[in-house]
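Listed below, chain by chain, are the residues.
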Amino acid sequence: MTVVACKPKPDKFDLGDLPKKIEGGDITIPQFQRQYVWNLEDCAKLLDSVFKGYPIGTVTLWMTQERLRQVKKIAGHVFPQAKAGYPVNYVLDGQQRLTSIYVCLRGERVHNGKSEVDYGKVYLLLDVASKEDDLVVTDVSGLPGDAFVSIKDLFECDYNALNERFGKKVSKVVDYHNQLIGYPISTIEFTGADLLEATEIFTRINTTGKRLSVFEVMSARVYREKPHFDLVEVRDCQRENWKAAGYDTLPDYVPLQAMAMCLHKSCTKDAILALTSEEVSKNW
C-alpha cells in the first residue's frame, strides 16, 4: 500500500496583511493550541528582529474546508469564521508570534488571568545608530517625544498626525512603516490532511512535544456552528451537574468512551475518534 502524503507548500504573506487575515477569519487558531503567554519584552524582541530584517521563523498553517472549534477570543475579540465554502488556515505552529504581532499592531490590552498587559507600550526608537542596539523597546521614559513611536501608531501611519509630531523626521517614520508592513512572514501550508494528521503535525512540531488528548482532538473535530454544538461547553456543564454525585472528577474522555460503547460496542481510542459530529451532538 502506498501512503498518501500531505502536501506542504512554502509561501509567504506581508506582515501588514496579518490583521485583516485574522479579523476576516482567514487565519485562525484552533482550540487545541495553548494559551497566549508572551509578555511585552518577548514582543519587543520579535519586532526588533523584524526591523533588523532577521528571520523570525516559519509559520505552519493547515488549510482545510473543515470548521473546528477555534479560540473564541484573540486579544479579547471574537472574530468570525470564514464564510462557508471558503478554506480556513488553522495555525499549527507560530501562534505566539502571530498573536504577538497582532496585539502590538492593534495596541491591544490583554488580560492574562492575573493582570492586564498593554501591548500598545511597545515602541520603535528612531535615533538608534547601530544594529547592535535595540530598535524596539518597552520603556521610553526620559526620551523626547520625537525619539520614538509606538508600533500601533507606526502601523496605522496617520500621516498628518505623524507629521505634526515628528516634523522633519516624518520621512524616517514612513520608511519604518513601509519596512514593517512589507516584512515577509514565511509559511508552510499543509493541504490534503485530515484532522488526525493535522493534530499529529502539531504534536511533532510543538516544542513541548505534548500529545493532544482524545478529548482535545474530539472537541476540535465535532464542533459545529449550525446547529450549534460545542463539546467543551456541554462537558463543562455536565461536570458541574455531576458535582453533587461526586462524578465531576471523572476524566473528560469517559463520557466519550460510554458513547462509543453504546453506539459501536467498543470504547477504544479508535472507536471514540470514529464518532461523527452528528452522533456526538445527537446522543450527548
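These remarks concern the structure in this document. (Residues numbered from 1 in each chain as written. Predicted model: local features only at pLDDT ≥ 70, side-chain atom pairs only at ≥ 80, totals over all residues. Heavy atoms only, no water.)

1. Overview of the sheet that holds strand 9 (residues 148-150)
Applicable threshold: Two strands qualify as a pair provided DSSP detects at least 2 bridges between them. Per the convention used, a helix needs a DSSP run of H or I reaching at least four residues, while a strand needs a run of E reaching at least two, with both numbered from the N terminus.
Here we have three strands laid out as an open sheet, ordered 8-7-9, and antiparallel in their pairing. Pairing within the sheet leaves two strands with one partner each, and these edge strands are strand 8 (136-137) and strand 9. Relative to strand 8, strand 7 (residues 123-125) runs antiparallel, the two sharing two bridges. Residue pairing across strands places tyrosine 123 opposite valine 137, the latter belonging to strand 8.

2. Notes on the sheet that holds strand 1 (residues 7-14)
Applicable threshold: By definition in these notes, contact holds between two residues if any of their heavy atoms fall within 4.5 Å. To get an axis, fit a line to the C-alpha atoms, keeping to the stretch in contact for a helix; angles then go from 0 to 180 degrees between the N-to-C directions.
Within the open sheet, the five strands sit side by side as 1-10-3-4-2. Their pairing is mixed. Here the strands that pair on one side only, and so sit at the sheet edges, are strand 1 and strand 2 (27-28). Against the sheet, helix 3 (residues 95-106) touches strand 2, strand 3 (59-64), strand 4 (88-93) and strand 10 (184-191), its axis set at about 115° to strand 4.

3. Quick notes on the nonpolar core
The cut-off we apply is this: Put simply, a nonpolar core is a bunch of buried Ala, Val, Leu, Ile, Met, Phe, Trp, Tyr and Cys residues held in one set by side-chain atoms that sit within 4.5 Å of each other. Burial status follows relative accessibility: with a 1.4 Å probe on protein chains alone, a residue under 20% of its type maximum counts as buried, one over 50% as exposed, and anything between as partly exposed.
Phe51, Leu124, Ile151 and Leu180 are the most contacted members of the largest nonpolar core, which has 44 residues in total. Of all elements in the fold, only helix 1 (18-23), helix 2 (40-51), strand 3, helix 3, helix 4 (151-156), helix 5 (159-166) and helix 6 (170-181) reach the threshold of two or more residues within this core. A total of seven residues in this core trace back to one element, the largest contributor, which is helix 2. Sequence-distant contacts of leucine 180, that is, excluding residues within four places in its chain, are made with Leu15, Gly16, Leu47, Val50, Phe51, Leu105, Ile151, Leu154 and Phe155.

4. What about the environment of isoleucine 101?
Within the fold, isoleucine 101 resides in helix 3. Distance from isoleucine 101 to glycine 16, taken between C-alpha atoms, is 9.7 Å for residues 85 residues apart in sequence. Here isoleucine 101 is in contact with Leu15, Leu18, Leu46, Ile56 and Ile185, once residues within four sequence places are set aside.

5. Quick notes on the packing of aromatic side chains
Quick reminder of the rule: Here the aromatic set is Phe, Tyr and Trp, taking the six-membered ring for Trp, and pairing holds for ring centres within 6.5 Å; pairs whose planes are under 30 degrees apart are stacked, those over 60 apart are edge-to-face, and all others are tilted. Definition used: whenever NZ (Lys) or CZ (Arg) falls within 6 Å of the ring centre and also within 35 degrees of the ring normal, the charge is taken to sit over that ring.
A complete count under the given rule lists four aromatic pairs for this structure. Seen from their ring centres, tyrosine 123 and phenylalanine 148 are 5.4 Å apart, and the 80° between their planes marks the pair as edge-to-face. Highlighted residues: tyrosine 123 in strand 7 and phenylalanine 148 in strand 9, separated in sequence by 25 residues. Judged by relative accessible area, which is 13%, phenylalanine 148 ranks as buried. Judged by centre distance (6.4 Å) and plane angle (80°), the rings of tryptophan 242 and tyrosine 247 are edge-to-face. One cation-aromatic arrangement involves lysine 21 over phenylalanine 13; the distance from NZ or CZ to the ring centre is 5.3 Å. In this structure, arginine 165 is placed above the aromatic ring of phenylalanine 148, and the distance from its NZ or CZ to the ring centre is 5.3 Å.

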